[in-house]
Amino acid sequence: AQTVTQSQPEMSVQEAETVTLSCTYDTSESDYYLFWYKQPPSRQMILVIRQEAYKQQNATENRFSVNFQKAAKSFSLKISDSQLGDAAMYFCAYRSARSGNTPLVFGKGTRLSVIA
Amino acid sequence: EADIYQTPRYLVIGTGKKITLECSQTMGHDKMYWYQQDPGMELHLIHYSYGVNSTEKGDLSSESTVSRIRTEHFPLTLESARPSHTSQYLCASSTGWLPGEQFFGPGTRLTVL
């Protein structure tokens, strides 16, 4: 079974600085999808960024980018120019490409604090 | 924001009561999910559905039950609530097409006294 590990339970960053959240995963599959989700204190989870395993190019969404290292099974999230609104729980998730029926596998999350 | 709704947002009830947490989505998604989120914020999948009349148990054993009579509706029922059921419950949905990211509802905060 696939597993997702987020080794940093908590992180903090100064406003306007850059922070990187770590995520590693374990799978024997070659085709899959990886996601970062954000859950602000208001609790609704939203998708931040997505990466297809067959793409070598790292995904980018405005201030959010990933460092996808397939061989190392690593999928870190970089937040540039951090803002107070970035404070949230961040979850890394994995999805097999073999079947659209498989639920996402989530990591335990990293709580990010942004210091003004 | 995604078109997925949960009611009630907050619920405080006494032990032994039967409750139903509602979840609806207007996106026509086949797949729907229920998660229990513990105080440490970890997500635990408790139920999911591939489509109408299909339900599956998730990774975490739960005393709750679910039904899927309509595509848009996926209610979760506790027949007899206990303090151990106190938690945040998140509903999500996704299409059957890859990559199949999940869209989440705002959650229901349940407190059982």
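Asker: Would you mind going over the pattern of salt bridges in detail, with residue names and values included?
Answerer: Side chains bearing opposite charge may pair, as long as their charged atoms lie close to each other. Following the criterion strictly, the structure yields 9 salt bridges over all chains and no others. One salt bridge connects R50(A) with E101(B), and the closest N-O pair in it is separated by 2.8 Å. With R50(A) in strand 6 (residues 46-52) and E101(B) in the loop between strand 9 (87-94) and strand 10 (103-104), this pair bridges two chains. Overall, the relative accessible area of 29% leaves R50(A) in the partly exposed class. Each member of the salt-bridge network shares a partner with another, and the members are R50(A), E52(A), K55(A) and E101(B).

Asker: Pulling in residues and values, what's your account of the sheet that holds strand 8 (residues 76-78) of chain B?
Answerer: All names here are of chain B. Here 4 strands make up an open sheet; going across it, the order is 1-3-8-7 and the pairing antiparallel. Both outer strands of the open sheet, strand 1 (4-7) and strand 7 (65-66), are each paired with one neighbouring strand and no more. Two strands pair when backbone bridges link them, and strand 7 and strand 8 are joined in this way by 2 bridges, in the antiparallel orientation. In the sheet register, V66 faces strand 8, and the bridge partner there is L76.

Asker: Break down the state of the cysteines for me, with residues and values.
Answerer: Residue and element names in this part refer to chain A. In total, this model carries 2 disulfides over all chains according to the counting rule given. Here C23 pairs with C92 through a disulfide, and the sulfurs are 2.0 Å apart. In this structure the cystine formed by C23 and C92 twists about its S-S bond by roughly -70 degrees; its chirality is therefore left-handed. One end of the pair, C23, is in the loop between strand 3 (19-21) and strand 4 (24-26); the other, C92, is in strand 10 (residues 88-96), and 69 residues separate them in sequence. The exposure class assigned to C92 is buried, which follows from its relative accessible area of 0%.

Asker: Explain the environment of P99(B) residue by residue, including any values.
Answerer: Assignment of secondary structure puts P99(B) in the loop between strand 9 and strand 10. The class of P99(B) is buried, set by a relative accessible area of 14%. Setting aside residues up to four positions removed in sequence, P99(B) forms contacts with Y33(A), F35(A), R50(A) and R95(A).

Asker: Would you mind going over the interface of chain B and chain A in detail, with residue names and values included?
Answerer: Across the boundary between the two partners, chain B contributes 28 residues, which contact 23 residues of chain A. Its largest share of buried area at the contact with chain A, chain B owes to M41(B), L98(B) and P99(B), together 27% of the area lost on that side. Joining chain B to chain A, the criterion identifies 1 salt bridge. Counting across the interface, chain B meets chain A through 6 residue pairs in polar contact (both at pLDDT 80 or more). Within the residue set of the side of chain B that touches chain A, elements represented by two or more residues are strand 4 (31-37), strand 5 (43-49) and strand 9 of chain B. Grouping the constituent residues of the side of chain B that touches chain A by class yields 13 nonpolar, 9 polar and 6 charged.

Asker: Could you give an account of the layout of surface pockets, naming the residues involved and the relevant values?
Answerer: There is about 510 Å³ of room inside the largest pocket. Surrounding the largest pocket, 27 residues form its lining, L104(A), V105(A), F106(A), L45(B) and D59(B) being those nearest its centre. Of all the secondary structure elements, the ones that give two or more residues to the lining of the largest pocket are strand 10 and strand 11 (105-106) of chain A together with strand 5 of chain B. Considering every element that reaches the lining of the largest pocket, the biggest residue donor is strand 5 of chain B, with 4 residues. Partitioning the lining of the largest pocket into residue classes produces 13 nonpolar, 7 polar and 7 charged.

Asker: Please give an account of the pairing of strand 5 of chain B that cites residues and values.
Answerer: Residues and elements named next belong to chain B. Most of strand 5 is tucked away: 6 of the 7 residues are buried. Two strands pair when backbone bridges link them, and strand 4 and strand 5 are joined in this way by 6 bridges, in the antiparallel orientation. Within the sheet, the bridge partner assigned to Q36 lies in strand 5 and is H44. The hairpin formed by strand 4 and strand 5 contains 5 residues between the paired strands, and M41 there has a positive phi angle of roughly 80 degrees. Taken together, the 2 bridges between strand 5 and strand 6 (residues 56-57) define a ladder with antiparallel strand orientation.

Reading the values: rules and limits
Residues numbered from 1 in each chain as written. Chains lettered and ligands numbered in written order. Predicted model: local features only at pLDDT ≥ 70, side-chain atom pairs only at ≥ 80, totals over all residues. Heavy atoms only, no water. Salt bridge = Lys/Arg side-chain N within 4 Å of Asp/Glu carboxyl O. Helix = DSSP H or I, 4+ residues; strand = E, 2+ residues; numbered from the N terminus. Buried < 20%, exposed > 50% of the residue type's maximum accessible area, 1.4 Å probe, protein only. Pairing = 2+ DSSP bridges. Disulfide = S-S within 2.5 Å. Contact = heavy atoms within 4.5 Å. Buried area = accessible area lost by both parts, 1.4 Å probe. Polar contact = N/O pair within 3.5 Å; in protein donor to acceptor, adjacent residues only side chain to side chain. Nonpolar A, V, L, I, M, F, W, Y, C, P; charged D, E, K, R; others polar. 1 Å grid on protein atoms, 1.4 Å probe; cavity = no way out; pocket = protein on both sides within 12 Å on 5 of 7 lines; lining within 4 Å. Points joined across faces, edges and corners; volume = space filled by probe spheres on them.

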